[in-house]
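Overview (structure and organization)
Each chain, letter by letter, is given below.
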Amino acid sequence: MNLEDLADITEAVAAAAESRRHCVRVCMAASCQSCGSGEVLEGLQTQAKQNADDGVCIKPVGCMGLCSAGPLVSVDSDQPATALLYQDVTVDDTEDLYHSLGDQPVERLRCRTDVPFFARQQKVVLENSGIIDPEQIDDYIAAGGYRSLMRAVTEMSREEVLREVKESGLRGRGGGGYPAGLKWATVAMAPEPHKYVICNADEGDPGAFMDRAVLESDPHRVLEGMALAGYAVGAEHAYIYIRAEYPLAVERLKTAIKQATKKGLLGRRICETALSFEVEVRLGAGAFVCGEETALMASIEGRRGQPRPRPPYPAEEGLWKCPTLINNVETLANIPAIVGKGGAWFKSIGTENSTGTKVFALAGRIANSGLIEVPMGIPLREIVHEIGGGIPDGRRFKAVQTGGPSGGCLPEQFLDMPVEYDTLRSAGSIMGSGGMIVMDETSSMVDVARYFMEFCMDESCGKCVPCRAGTVQLYGLLDKIADGEATPSDLELLEELCDVVQATSLCGLGQTAPNPVLSTLRYFRHEYEEKLRPESERMPRMQIVTLDD
Amino acid sequence: MLMDRQTTERRAALAPPDDDKRWKIVNVTMRRNGYSGHALIETLHTVQNCFGYLEDRSLRYVAMSLGLPLSKVYGVATFYHLFTLKPQGNHTCVICTGTACYIKGSRELSTAIEDRYSVKPGQTTKDNELSVLSARCIGSCGLAPTVVLDGKVLGQMTPAELIDEIEEVV
Ligand SMILES: Cc1cc2nc3c(=O)[nH]c(=O)nc-3n(C[C@H](O)[C@H](O)[C@H](O)COP(=O)(O)O)c2cc1C
Ligand code: SF4
Ligand code: FES
Ligand code: FES
């Protein structure tokens with residue numbers, strides 16, 4: 001493969017598209033598949049066959065974003081925002097839908113696209129999502145794919161690739177927000193000849209599905225990002241560590257690796273150069289802590305996924321004691337665009353200290369649930385009330401939870417805050433990997449804190465005492481408070497214990513486990529206090545408790 | 001990483017517990033990884049995919065084949081949530097307990113199942129028909145609350161709908 005071959009493929013795909021009158025895209029990402037998009041796809045294909053019409057192309061594509069309205073079908077445009085879009089399509093609708101092509105749209109199925117949900121987004125990572133067929137490498141190539149890799153390995157030095165990534169200001173999208181360029185430079189400078197690249201696709205945050213959607217919708221983008229990383233840091237072997245709970249993403253990834261290897265874009269002697277880059281898939285087995293980088297590496301080595309103290313950081317001593325670059329899926333998915341369009345272009349999006357866009361998974365009590373990509377710095381209100389369409393059932397907004405079990409809940413007063421790494425942190429939450437769970441007045445914040453503590457308690461790997469025992473204690477206290485059986489001294493103990501667990505745990509899981517408690521205490525303290533009854537009323541309840549025990 | 005050929009051949013010569021064809025698939029996984037101890041998790045995935053759970057004799061066979069102490073194999077098998085050492089019922093219902101599903105009522109779904117079949121997540125009914133499990137986010141949060149019934153994802157479930165769906169299969 002060389003640049004000319006890529007151009008030939010692009011031309012062939014374009015010519016095939018020209019010869020067709022209509023292109024109907026059916027979302028075949030996991031969420032839509034689970035509400036029956038597979039049958040819709042088959043139904044449309046049957047229609048096409050029955051009508052013996054080769055002027056219509058029926059194409060399976062990735063996530064179009066508005067998953068809560070799935071199955072989604074788009075007609076005749078390569079941008080969902082401008083396409084004719086249909087929602088909640090069933091197999092019974094396919095006949096009408098097929099016969100309406102080029103004629104009046106089927107009004108009863110129409111999904112409005114002139115709404116902020118589509119108009120306010122800015123897509124970089126998701127630019128091909130919902131447009132290309134994730135199982136066809138030619139589709140990705142026709143959309144401009146693998147150009148960055150080709151150019152990098154034939155025309156750019158490693159230092160030049162590194163310079164673009166540094167210049168871009170890209171920060172890790174997996175939670176920590178560490179500057180990608182700095183991490184890459186450390187690995188690149190390591191003297192050892194043998195190095196690894198790891199793509200962290202564990203996505204353990206409950207309520208987050210950004211990485212899943214990227215892998216299911218545009219797997220080649222992640223592979224290209226990984227290969228660029230391998231070139232820049234000097235690594236020839238790579239692993240993708242992905243959750244076994246994401247079978248469709250695993251399958252598409254494996255298909256993509258095979259296709260790219262066959263075309264000489266991965267594997268030995270990539271892009272007709274002397275360079276090699278081999279990618280292997282490793283399955284997780286359902287342990288949240290395995291998203292932590294040192295635990296992840298232990299798991300790839302076939303051991304229990306328990307973290308170890310850092311330093312040494314993976315960049316110095318990682319997989320099999322070799323220098324290892326470990327990045328999140330979304331971080332890597334940004335790389336082809338950064339190398340292709342330049343670091344300066346990327347830096348022009350977003351804010352000074354949080355450049356680029358961010359993909360968020362919007363869920364919970366919100367009208368439009370799904371996947372969105374917006375420039376960093378966008379006010380929270382715009383995400384919740386405009387793009388998300390506000391709170392359904394006439395209820396009131398109460399809080400939005402960001403950053404998963406390591407994050408916190410932000411109340412109404414922060415709605416006008418720009419969403420970026422530092423502002424979120426100063427408000428007592430974090431960006432995390434991009435899960436956003438919206439809550440209305442029916443959610444109890446004490447319950448939410450207890451929920452996350454239960455999660456951390458279950459997921460603690462048990463290696464260090466503050467986390468193993470501390471999360472159990474914290475959970476017990478929260479449970480007592482939620483059940484209205486606690487005293488003011490329990491609340492004091494809760495706060496004290498939060499500090500201890502935060503300060504003395506070995507890895508990020510324990511260190512951040514108290515965050516949801518601390519942030520709800522900060523903004524919803526009255527909810528905790530309401531649960532503490534005055535002494536006189538508590539006596540009978542105490543008796544019940546002892547009887548129950 | 002790779003072992004010398006002799007070791008590989010010796011390990012490969014170990015006889016499986018019985019002549020079930022599925023052991024061949026397990027052997028392929030181990031061979032592909034050169035019978036290296038690093039392949040343990042991959043191998044356990046294969047065993048569980050083939051046999052449904054990790055039986056004691058499977059774990060022993062894997063330990064011997066990969067040259068690992070049995071304690072390590074058990075340590076790994078019990079550390080990861082997805083591995084199960086108990087056989088499952090004829091049907092499985094996995095309730096998502098991720099944040100989005102929790103906020104949208106996954107607890108009511110578990111309660112409904114418990115009321116109807118007297119089993120909690122992690123348990124199997126006495127007649128071995130239904131195993132109820134819980135998962136931490138299956139990544140379809142836009143459709144919360146979700147359950148996975150015999151591998152099929154069902155979204156936006158209400159307790160009544162869920163019971164209907166289960167009644168249909170068991
Ligand atoms: C308990 C815990 C769980 C984590 N889970 C994930 C995860 O699921 N996905 C991820 O990319 N990073 C996760 N991380 C962060 C990784 O350790 C690591 O920082 C990240 O993969 C680096 O990539 P980035 O710099 O591109 O963000 C987790 C960290 C901790 C402490
Ligand atoms: S903080 Fe918790 S998860 Fe992390 S190493 Fe300690 S026990 Fe394990
Ligand atoms: S999965 Fe179809 S729109 Fe997201
Ligand atoms: S929280 Fe249930 S699918 Fe994500």
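Keep in mind it's a predicted model, so treat the numbers as computed, not measured.

Criteria and thresholds
- Residues numbered from 1 in each chain as written.
- Chains lettered and ligands numbered in written order.
- Predicted model: local features only at pLDDT ≥ 70, side-chain atom pairs only at ≥ 80, totals over all residues.
- Heavy atoms only, no water.
- Domains from an automatic or database assignment.
- Helix = DSSP H or I, 4+ residues; strand = E, 2+ residues; numbered from the N terminus.
- Buried < 20%, exposed > 50% of the residue type's maximum accessible area, 1.4 Å probe, protein only.
- Axes fitted to C-alpha atoms, helices over the stretch in contact; angles between N-to-C directions.
- Parallel < 35°, antiparallel > 145°, perpendicular 65-115°, else oblique.
- Contact = heavy atoms within 4.5 Å.
- Nonpolar A, V, L, I, M, F, W, Y, C, P; charged D, E, K, R; others polar.
- Salt bridge = Lys/Arg side-chain N within 4 Å of Asp/Glu carboxyl O.
- Near = heavy atom within 4 Å.

When the parts of a complex come together, some accessible area is lost, and that lost area is often taken as the interface size. Assigned domains of chain B: these are domain 1 (2–79) and domain 2 (91–169). The straight-line distance from the C-alpha centre of domain 1 of chain B to that of domain 2 of chain B is 32 Å.

Attention now goes to the domain arrangement of chain A. Domain annotation of chain A identifies domain 1 (20–113), domain 2 (145–343), domain 3 (356–440) and domain 4 (445–530). Domain 1 of chain A and domain 4 of chain A are separated by 47 Å when their C-alpha centres are compared.

Between A:G70 and A:P71 the backbone carries a cis peptide bond, its omega angle lying at -5°. Within the element layout of this structure, A:P71 appears in the loop between β2 (56–61) and β3 (73–75). The peptide bond linking B:A144 to B:P145 adopts the cis configuration, its omega dihedral lying at -5°. In this structure, B:P145 sits in the loop between β3 (130–135) and β4 (147–149). Here the phi dihedral of A:R269 falls at roughly 50°; this positive angle occurs in a residue that is not glycine. The exposure class assigned to A:R269 is exposed, which follows from its relative accessible area of 55%. Here A:K321, not a glycine, exhibits a phi torsion of approximately 65°, which is positive. Mapping A:K321 onto the fold places it in the loop between α13 (293–300) and β8 (324–328).

Our focus in this paragraph is the packing of helix α20 (residues 488–504) of chain A against helix α22 (residues 515–530) of chain A. All names here are of chain A. At a closest axis distance of 11 Å, the pairing of α20 and α22 adopts a crossing angle of 170°. With respect to each other, α20 and α22 are oriented roughly antiparallel. Here L491, L494, E495, C498 and Q502 of α20 lie close against α22, whose contacting residues are N515, V517, L518, L521, R525, Y528 and E529. Of the residues contributing to the contact of α20 with α22, the split by class is seven nonpolar, two polar and three charged.

This brings us to the pattern of salt bridges. In total, this model carries 41 salt bridges over all chains according to the counting rule given. We note a salt bridge from A:D422 to A:R171, for which the minimum N-O separation is 3.8 Å. Of the two residues, A:D422 is situated in helix α17 (residues 421–426) and A:R171 in the loop between α8 (158–168) and α9 (180–189); the sequence distance between them amounts to 251 residues. A:R171 sits in the buried class, given a relative accessible area of 17%. Note that A:R282 and B:E42 form a salt bridge whose closest N and O atoms lie 3.9 Å from each other. Here A:R282, found in strand β7 (residues 278–283), pairs with B:E42, found in helix α3 (residues 40–51), and the two come from separate chains. Judged on exposure class, the residue A:R282 and its partner B:E42 are both buried. Through salt bridges that share partners, A:R365, A:D393, A:R395 and A:D440 make up one connected network.

Relative to the helices and strands, A:R212 is located in helix α10 (residues 210–217). Contact partners of A:R212, with chain neighbours within four places excluded, come to A:A30, A:E203, A:Y246, A:A249, B:I138, B:G139 and B:S140.

Every one of the 13 residues lining ligand 2 counts as a neighbour, but A:C461, A:K463, A:C464, A:C467 and A:C507 are closest to it. Among the residues making up the shell around ligand 2, the classes are represented as eight nonpolar, four polar and one charged.

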